[in-house]
Amino acid sequence: MKRYFVIGNPIDHSLSPKLQNWWLKENNIDATYDKIKLEEHEIKNFIQDIKEQKIAGCNVTVPFKKKIIPFLDKLSQEAEQTQSVNTITFDSGELVGHNTDISGFDTAIKKLNFKTKGKKVLILGAGGVVPSIIFALKNMRVQEIIITNRTREKAENLKALFNNIKILEWGDLTDFHMVINATSLGLNNETIDLDFSSLEHDKLFYDVIYNPQETRFLKMGKQLGYKTENGKTMFVYQALEAFKLWHNIEPKVNTDTYKLLDND
Ligand code: ATR
């Protein structure tokens, strides 16, 4: 039986096994998918197990999306450009790193019918998922991408990967059409100390976090009368793309899929 994993640290919170096992069952695929917490020094052996096909493939989450790269033979163009890998396949004797977060985010925004072309986007945070979001936004032809992060240096580092991004001091605010919370603030009910109340016009408040379903950041956006969306659709579609890479089948996404994730 083929075995798949998601690796990360911490990993307890991951809903990937629930979703991937549901799709495996639905498609009568004889395989299992589990989560496994790894320390950095354990990555090498884990990857070797994929090379020897004791493990068929894996997802990669925080904090290993970049750290995994030196262990791989090849990267997809998206993984290369973002220096971020969330899915590993083994193709023709080679370990290949892919990035399906980009397509997950892209699908999520398209499903909202939010016109992104020519828009100004403010991103809060500069962690692991941000390069993928920037990559997707650039493909959507947004007009401007502004990053603000507590540790300014991490925002500045993104300039090595992408040109034409602007940096804003953490705590400052600028006008935008779409604001994305890509920090971990909200996972444990934290607030984000920015005053959005003076903003006008239609805006989208997007949070990468999906558990809790509505962070304080999204509650605030809603109270101010703006459109809001959490990271659940992105999560489902990054998983769908990974499933397609491993099994060559497009799994179904419907209300039951989302219900499955709500039950946690
Ligand atoms: P990593 O930074 O290891 O990639 P992440 O979960 O992908 O981890 O990113 C966490 C993000 O939340 C970072 O942008 C982080 O800011 P720093 O780069 O300054 O660490 C941000 N973050 C976490 N706690 C925060 C806090 N209390 N205030 C502001 N930003 C915070």
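Every chain begins its residue count from 1, and numbering advances along the sequence as written. Given that this is a predicted model, residues contribute local features only at a pLDDT of at least 70 and side-chain atom pairs are listed and counted only at 80 or more, while totals for whole chains, interfaces and linings are drawn from all residues. Note that the side-chain values use all heavy atoms of the structure and ignore hydrogens as well as water.

Looking at the pairing of strand β11 (residues 204-207)
Argument step 1. On β11, burial covers both faces: L204 and Y206 on one face and F205 and D207 on the other are all buried.
Argument step 2. Here, a strand pair is defined by DSSP locating no fewer than two bridges between the strands. Helix and strand assignments come from DSSP, with helices taken as H or I runs of at least 4 residues and strands as E runs of at least 2, each series counted from the N terminus. Sheet topology note: the strand β10 (residues 178-181)/β11 ladder contains 4 bridges and is parallel. The residue of β11 that forms the bridge with V179 is F205.
Argument step 3. Strand direction decides the pairing type here: β11 and strand β12 (residues 227-229), joined by 3 bridges, are parallel. For every residue, the accessible area (1.4 Å probe, protein chains only) is compared with the maximum for its type, and the residue is labelled buried under 20%, exposed over 50%, or partly exposed between those bounds.

Some remarks on the side chain of N99
Argument step 1. Structurally, N99 can be placed in the loop between β6 (94-98) and α4 (101-111).
Argument step 2. One polar contact links N99 to T82, side chain to side chain, over a distance of 3.1 Å.
Argument step 3. Any two residues having at least one pair of non-hydrogen atoms within 4.5 Å are treated as being in contact. Contacts of N99, omitting those with residues within four sequence positions, involve S76, E78, A79, T82, S84, N86 and S132. Any N or O atom pair separated by 3.5 Å or less is treated as a polar contact, with the protein-specific requirement of one donor-capable and one acceptor-capable atom, and with residues adjacent in sequence counted only for side-chain atom pairs.

Details of the site of the ligand
Argument step 1. By convention in this text, a residue qualifies as near a molecule or strand provided that one of its non-hydrogen atoms is within 4 Å of it. Near the ligand, the surroundings consist of G125, A126, G127, G128, N149, R150, T151, K154, W170, T183, S184 and L185.
Argument step 2. N149 places a polar side-chain atom, nitrogen or oxygen, 2.7 Å from an oxygen atom of the ligand.
Argument step 3. Contacts to the ligand include K154, whose side-chain N or O atom sits 2.8 Å from an oxygen atom.
Argument step 4. Residue-level accessible areas treat just the shown protein chains as cover; the underlying method is Shrake-Rupley with a 1.4 Å probe. For the ligand, whose unbound accessible area comes to 620 Å², protein coverage reaches 70%.

Considerations on the sheet that holds strand β5 (residues 87-91)
Argument step 1. Pairing is mixed across the open sheet formed by 6 strands, whose spatial order is β2-β1-β3-β5-β6-β4. Of all strands in the sheet, those bounded by a partner on one side alone are β2 (31-37) and β4 (74-75).
Argument step 2. Only the contacting stretch of a helix is used when fitting its axis, a line to C-alpha atoms as for every element, and angles between N-to-C directions run 0 to 180 degrees. Of the strands in this sheet, β1 (2-8), β2 and β3 (57-60) are in contact with helix α1 (residues 16-26), which crosses β2 at around 175°.
Argument step 3. Contacts from helix α2 (residues 43-51) reach β1, β2, β3, β5 and β6 within the one sheet, and its direction differs from that of β5 by about 40°.

A few points about the packing of helix α8 (residues 232-247) against helix α9 (residues 255-262)
A packed helix pair is summarised by two numbers, namely the angle formed by the two axes and the spacing between the axes.
Argument step 1. Two elements in contact, α8 and α9, have axes separated by 11 Å at closest approach and are oriented at 110°. Overall, the two elements α8 and α9 adopt an arrangement that is roughly perpendicular. Crossing of α8 against α9: the hand is right-handed. Touching K232, T233, F235, V236 and Y237 of α8 are T257, Y258, L261 and D262, all from α9.
Argument step 2. Here the contact of α8 with α9 is composed, by residue class, of 5 nonpolar, 2 polar and 2 charged. Just so you know how the angles are binned, under 35 degrees is roughly parallel, over 145 roughly antiparallel, 65 to 115 roughly perpendicular, and the rest oblique. The sense of a crossing depends on the near helix, which, turned anticlockwise from the far helix by less than a right angle, makes the crossing left-handed and, turned clockwise, makes it right-handed. Side-chain classes are defined by residue name, with Ala, Val, Leu, Ile, Met, Phe, Trp, Tyr, Cys and Pro counting as nonpolar, Asp, Glu, Lys and Arg as charged, and the others, Gly among them, as polar.

Concerning the pattern of salt bridges
Argument step 1. When a carboxyl oxygen of Asp or Glu is within 4 Å of a side-chain nitrogen of Lys or Arg, the pair counts as a salt bridge. Scanning the entire structure with this criterion turns up 17 salt bridges.
Argument step 2. A single network of salt bridges, built from pairs that share partners, joins R152, E156, K159 and E169.

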